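What follows is each chain in one-letter form.
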Protein chains: 2
Amino acid sequence: MTTTGRRRPGRRPGSADTRGEILAAARKIFAEKGYDKATIRGIAREAGVDPALVHHYFASKDGIFVAAMELPVNPEEFVPLLTAGPREEIGERLVRFILTITSDAQARQPVLALMRTAMTNEQVVGMVREFMTHALLAKVAEALGVPPLRMEVAFAQMFGVVLVRYVIQLEPLASADIEELIELLAPTIQRYIDGS
Amino acid sequence: MTTTGRRRPGRRPGSADTRGEILAAARKIFAEKGYDKATIRGIAREAGVDPALVHHYFASKDGIFVAAMELPVNPEEFVPLLTAGPREEIGERLVRFILTITSDAQARQPVLALMRTAMTNEQVVGMVREFMTHALLAKVAEALGVPPLRMEVAFAQMFGVVLVRYVIQLEPLASADIEELIELLAPTIQRYIDGS
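Values in this document were obtained by computation on a predicted structure and should not be read as measured data.

In a packed pair of helices, the relevant descriptors are the angle between the two axes and the axis-to-axis distance. Residues and elements named next belong to chain B. The N-to-C vectors of helix α6 (residues 90-102) and helix α10 (residues 178-194) enclose an angle of 130°; their axes lie 7 Å apart at closest approach. Classified by the angle their axes make, α6 and α10 are oblique. Crossing angle aside, the handedness with which α6 passes α10 is right-handed. Where α6 approaches α10, its residues Ile90, Gly91, Glu92, Leu94, Val95, Arg96, Leu99 and Thr100 are matched on the opposing element by Ile178, Glu179, Leu181, Ile182, Leu185, Ala186, Ile189, Gln190 and Ile193. The class makeup of the residues in the contact of α6 with α10 is 11 nonpolar, 3 polar and 3 charged.

Structure (structure tokens):
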């Protein structure tokens, strides 16, 4: 295998274009194989580059997935953010983080696009399911020592709020102040985490 | 206006076909005008029947909407079900009702189909938004004396659970026992209703 692309022979390795081609290859491979079975090696092969170059750009499979789907946050950054600070405030930190990130239209747009596609496309829903299970929720559940079912019910609360707020746009939730929502939602998430 | 259909002249008023034509007309009118602006008169006109016949079949605009979208439950039946019985058990009744109804594949299929379409279609999302706001959530919120924002956050929890369980199909939530889910979710919904 060489760093010469199959589709654009002669392009320089490491150019902006190479990164874009790796991401395009990653989207194809993730959709075809799902998250679990996709490999950095397979993505590199599809892009016609050396696997080391993929590692150089994205560090991990999580990193490539997040970049390929244009997600606003990497699970690897998300976990330390939750575990830093008092445990009795994790609910508030998690709710504030999700509501703040999704309040930025540019940050939430790719997440909503992915969810919309997942709702109607079996391949994409499989990819999202595997990513959520093994890269996101399992890591958070393990880091916090929370049973996966509780983590998923907490996720369902926040997922539902984001959909009702930004997709269905029900009022008053669509225009509600973040602080008011944190007051309502933080105790819910905290209870799921505490196991009470 | 007569009971003679525009598309099938000569068919008998009140035949099975008339009911189907009213529902087809209703789907068209709800999609075009939204829930709020659709009227029984307008649906009757579109179907080429007398408004009295539409009333005879479906009693109310809610009734037509529920039948046209093949929803498994009418808000008019939903409210008495919640208000019957002790107030401190509303959370449990609501969670049990939603999880039981959605556990039936035939009952949940049209709800999921409507939600899938709403995720990607502006007209349909408008119709769903108006129906949820004015026919479903406002009635439940008013009957229970709960602020609409709290009712919407409770709805978001259950909506999220149904999506994660049946669309994304994350395990262990997808296979979780209903009683285990009620134990997790009922206190959440009860707290939103109690206002604590």
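Picking up where we left off.
Applying the stated criterion to the full structure yields 16 aromatic pairs over all chains. Taking 5.3 Å as the distance between ring centres and 45° as the angle between the ring planes, the aromatic pair formed by A:Phe78 and A:Phe97 counts as tilted. Of this pair, A:Phe78 sits in helix α5 (residues 75-83) while A:Phe97 is found in helix α6 (residues 90-102), placing the two residues 19 residues apart along the sequence. Classification of A:Phe78 as buried rests on a relative accessible area of 9%. For A:Phe97, a relative accessible area of 18% corresponds to the buried category. Here B:Phe30 and B:Tyr35 contribute two aromatic rings whose centre-to-centre distance is 5.8 Å and whose plane-to-plane angle is 10°, an arrangement assigned as stacked. A relative accessible area of 0% means that B:Phe30 is categorised as buried. The rings of A:Phe30, A:Tyr35, A:Phe65 and A:Phe131 are connected pair by pair, giving a single aromatic cluster. In this arrangement the basic side chain of A:Lys61 is found over the ring face of A:Tyr35, its NZ or CZ atom lying 4.7 Å from the centre.

Moving on to the interface of chain B and chain A. How big an interface is tends to be stated in terms of the accessible area lost upon association of its parts. Taken together, the contact pairs 40 residues of chain B with 40 residues of chain A. Together, the buried faces of chain B and chain A total about 3,500 Å²; carbon and sulfur atoms form 71% of this surface. Of all residues in chain B, the largest losses of buried area upon contact with chain A belong to B:Met119, B:Leu149 and B:Leu184, amounting jointly to 21% of the total for that side. Our count for the chain B to chain A interface comes out at 0 salt bridges. Run the count over chain B and chain A and you get 18 residue pairs in polar contact (both at pLDDT 80 or more). Of all elements in the fold, only α7 (105-120), α8 (122-144), α9 (148-168) and α10 of chain B reach the threshold of two or more residues within the side of chain B that touches chain A. Considering every element that reaches the side of chain B that touches chain A, the biggest residue donor is α9(B), with 15 residues.

Take helix α5 (residues 75-83) of chain B next. Residue and element names in this part refer to chain B. Along α5, the positions that sit buried rather than exposed are Pro75, Phe78, Val79 and Leu82. End-on, the buried residues of α5 take up no more than an arc of 95°, which puts them together on one face. On its buried face, α5 sits against α4 (61-68), α6 and α8. Its side-chain oxygen placed 2.9 Å from the backbone nitrogen of Glu76, Asn74 serves as the N-cap of α5. Remark: Gly85 follows α5 within two positions and exhibits a positive phi of approximately 105°.

What counts, and at which threshold
Residues numbered from 1 in each chain as written. Chains lettered and ligands numbered in written order. Predicted model: local features only at pLDDT ≥ 70, side-chain atom pairs only at ≥ 80, totals over all residues. Heavy atoms only, no water. Axes fitted to C-alpha atoms, helices over the stretch in contact; angles between N-to-C directions. Helix = DSSP H or I, 4+ residues; strand = E, 2+ residues; numbered from the N terminus. Parallel < 35°, antiparallel > 145°, perpendicular 65-115°, else oblique. Left-handed = near helix turned anticlockwise from the far one by under 90°. Contact = heavy atoms within 4.5 Å. Nonpolar A, V, L, I, M, F, W, Y, C, P; charged D, E, K, R; others polar. Phe/Tyr/Trp six-rings, centres within 6.5 Å; stacked < 30°, edge-to-face > 60°. Buried < 20%, exposed > 50% of the residue type's maximum accessible area, 1.4 Å probe, protein only. Lys NZ or Arg CZ within 6 Å of the ring centre and 35° of its normal. Buried area = accessible area lost by both parts, 1.4 Å probe. Salt bridge = Lys/Arg side-chain N within 4 Å of Asp/Glu carboxyl O. Polar contact = N/O pair within 3.5 Å; in protein donor to acceptor, adjacent residues only side chain to side chain. Arc of directions from axis to C-beta.

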